Every structure is written in C-alpha cells, then in structure tokens.
Amino acid sequence: MKIALLGYGKMGKVIEKIALERGHEIVLRKGRSDAYAGLEKADVAIDFSIPTSAVANISACFENKVPVISGTTGWLEEYDDIVALCQAKNGSFIYGSNFSLGVNIFFELNAYLAKMMANLKQYQVSMEEIHHTQKLDAPSGTAISLANGIIQNTDYTNWTLEEAASSEIHIEAKRIENIPGTHSIFYDSSVDQIEIKHTAHTREGFALGAVVAAEWIIGKNGIFTMKDVLGLR
C-alpha cells in the first residue's frame, strides 16, 4: 500500500515507522509548506497536520481521489463542508479524534457508563485531559468526543472549560511536557467517586490505529468512523 503522510511532525514520523514495519511504502511526506507532489500516487493518505492545514489537506485528497484518514483536531467547525465535499467527489473519509484502539474501546465504556449514571442525579460528572505542551487545541478532540458521548446519553447539555453549571460538564485541560495523552472521567457525589481513565504511554498506539484504519478503508467509498474499522457497531 502506498501512503501519503500529510503532516510530518512527531506523529507523522511515528506513523511512517509503523507503516514501513507493516510493509507499506511512503510516497509523500508533506510538511506545512510543502506541495502535494506525489499525492496522486497514493492509495491512501493519513493526515496528522495542524488545524489550519487539515481542510486543505483533506480537500486535496478528495480532488485526487485518494481515501483519507484524518486525526487532526481543532478544525471541526468545517466538518460538514468536508462531508459534503467527500460525498460530491464520491470519496472515502475517516475522521477520528483519537485513533488509539484502546481509546476507541474507552469511548464505548464511557457511553455505557453514562447510560448507567443517567438517572443518578446525585452524581456530577467532570473530566480531565492532559497532553504534551505542543498540542495546539484545548480541550482535546478526544475529550470533546468523550463529553459528547456523555451528553448523548444523559441530561447534560454541553461542556465547558469554565466553572460548570449543573447541566454542564467541566473539562480541565492541562498541558505538561512529554505526556502523550491521559483522559479521566469522574462522577462525584457527596459520598463517593467513580472514575474511568485511559492513559497513553507512547504515540505508537495512535499511529497504529491510523495505519489500521488506512488499511481498512482501501476499496471502500463513504464516510466512516473507527467504530466501522473495529466492528463496534
């Protein structure tokens, strides 16, 4: 499989390492100011760039009829436009706020716990996410996905980084050097606390999931998620 890497920072280099170990070929390594030369040769593209580059990268893939896996967060206000373009171009697209296989299991646990807690009004939910200091957006896309998983299954209405009302989920976002990613969900009452937590030890878990998604999407058309890749639907 021939892969175009859109974004060649730390994550891009880890994805490259894992892709090569799995027998794939890299035909494009695109940094922020590089052109798309070679994209047309790719069987699939993996975008781990920056929020201001993601839409252009994904759009270029659709124009070149290249399936695209995007793990860049912080651009989702334009997600609906990207979906429309993908459909117009009969493209193939997977966006994931987190491609770690473990995190995607954690998403399911989070939603299941939220359903269990929905009628227990004595508990107030809150979240904490910790990432490395190079992460540009806060809260993380993963934290937003987790918050949305709670909102969809409870009476909570939205999340906030500020002091939360009773109908809001407070997210505390921390940036600490050399932390790949930690996400914790807390349900607090006056008598106890329930916590679920996912801790990433290295970036390799995110990279492996992205490569697995790239392998899976070959030959498919449409808009998918990691639930499709992992058979969790």
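In this text, all values refer to a predicted model and were calculated from it rather than measured experimentally.

## Observations concerning a negative patch on the surface
Phase 1: There is a patch of like negative charges on the surface, built from Glu77, Glu78, Asp80 and Asp81.
Phase 2: Along the polypeptide, aspartate 80 turns up in helix α3 (residues 79–88).
Phase 3: Look at aspartate 80 and you get exposed, because its relative accessible area is 61%.

## A look at the pairing of strand β3 (residues 44–47)
Phase 1: Every second residue of β3 is oriented toward a common face, with Val44 and Ile46 on one face and Ala45 and Asp47 on the other, all of them buried.
Phase 2: Summarising the sheet, strand β1 (residues 2–6) and β3 pair through four bridges and their orientation is parallel. Bridge pairing in β3 places alanine 4 opposite alanine 45.
Phase 3: As paired elements, β3 and strand β4 (residues 68–70) share three bridges and run parallel to each other. When the sheet's bridge partners are listed, aspartate 47 is paired in β4 with serine 70.
Phase 4: For the segment spanning β3, helix α2 (residues 51–63) and β4, crossover handedness is right-handed.

## As for the side chain of serine 70
Phase 1: Looking at the element boundaries, serine 70 is found in strand β4.
Phase 2: By relative accessible area, serine 70 is classed as buried at 0%.
Phase 3: What serine 70 contacts, discounting residues up to four positions off in sequence, is Asp47, Ile58, Trp75, Phe93, Ile94, Tyr95, Gly96 and Phe99.

## Section: helix α6 (residues 204–217)
Given 3.6 residues per helical turn, the α-helix brings residues three or four places apart onto the same face.
Phase 1: Between its first and last C-alpha, α6 extends 20 Å over 14 residues, near the 20 Å set by a 1.5 Å rise per residue.
Phase 2: Taken residue by residue, α6 has Phe206, Ala207, Gly209, Ala210, Val211, Ala213, Ala214 and Ile217 as its buried positions.
Phase 3: Directly beyond the C-terminal end of α6, a positive phi value near 85° is found at glycine 219.

## Structural notes on the packing of α2 against α3
Phase 1: α3 packs onto α2 with a crossing angle of 10° between their chain directions and a minimal axis gap of 10 Å. One element, α2, and the other, α3, form an angle in the roughly parallel class. In this structure, α2 contributes Val55, Ile58, Ser59, Phe62 and Glu63 to the contact, and α3 contributes Ile82, Leu85 and Cys86.
Phase 2: When grouped by side-chain class, the residues that make up the contact of α2 with α3 number six nonpolar, one polar and one charged.

Analysis parameters
- Residues numbered from 1 in each chain as written.
- Predicted model: local features only at pLDDT ≥ 70, side-chain atom pairs only at ≥ 80, totals over all residues.
- Heavy atoms only, no water.
- Patch = residues over 30% accessible without salt bridge, like charges linked within 9 Å, V, L, I, M, F, W, Y side chains within 5 Å.
- Areas by Shrake-Rupley, 256 points an atom, 1.4 Å probe, with all protein chains shown as cover.
- Salt bridge = Lys/Arg side-chain N within 4 Å of Asp/Glu carboxyl O.
- Lys, Arg positive; Asp, Glu negative; His and termini not counted.
- Charge placed at Lys NZ, Arg CZ, Asp CG, Glu CD.
- Helix = DSSP H or I, 4+ residues; strand = E, 2+ residues; numbered from the N terminus.
- Buried < 20%, exposed > 50% of the residue type's maximum accessible area, 1.4 Å probe, protein only.
- Pairing = 2+ DSSP bridges.
- Right-handed = clockwise from strand over helix to strand, strands pointing away.
- Contact = heavy atoms within 4.5 Å.
- Expected span 1.5 Å × (residues − 1).
- Axes fitted to C-alpha atoms, helices over the stretch in contact; angles between N-to-C directions.
- Parallel < 35°, antiparallel > 145°, perpendicular 65-115°, else oblique.
- Nonpolar A, V, L, I, M, F, W, Y, C, P; charged D, E, K, R; others polar.

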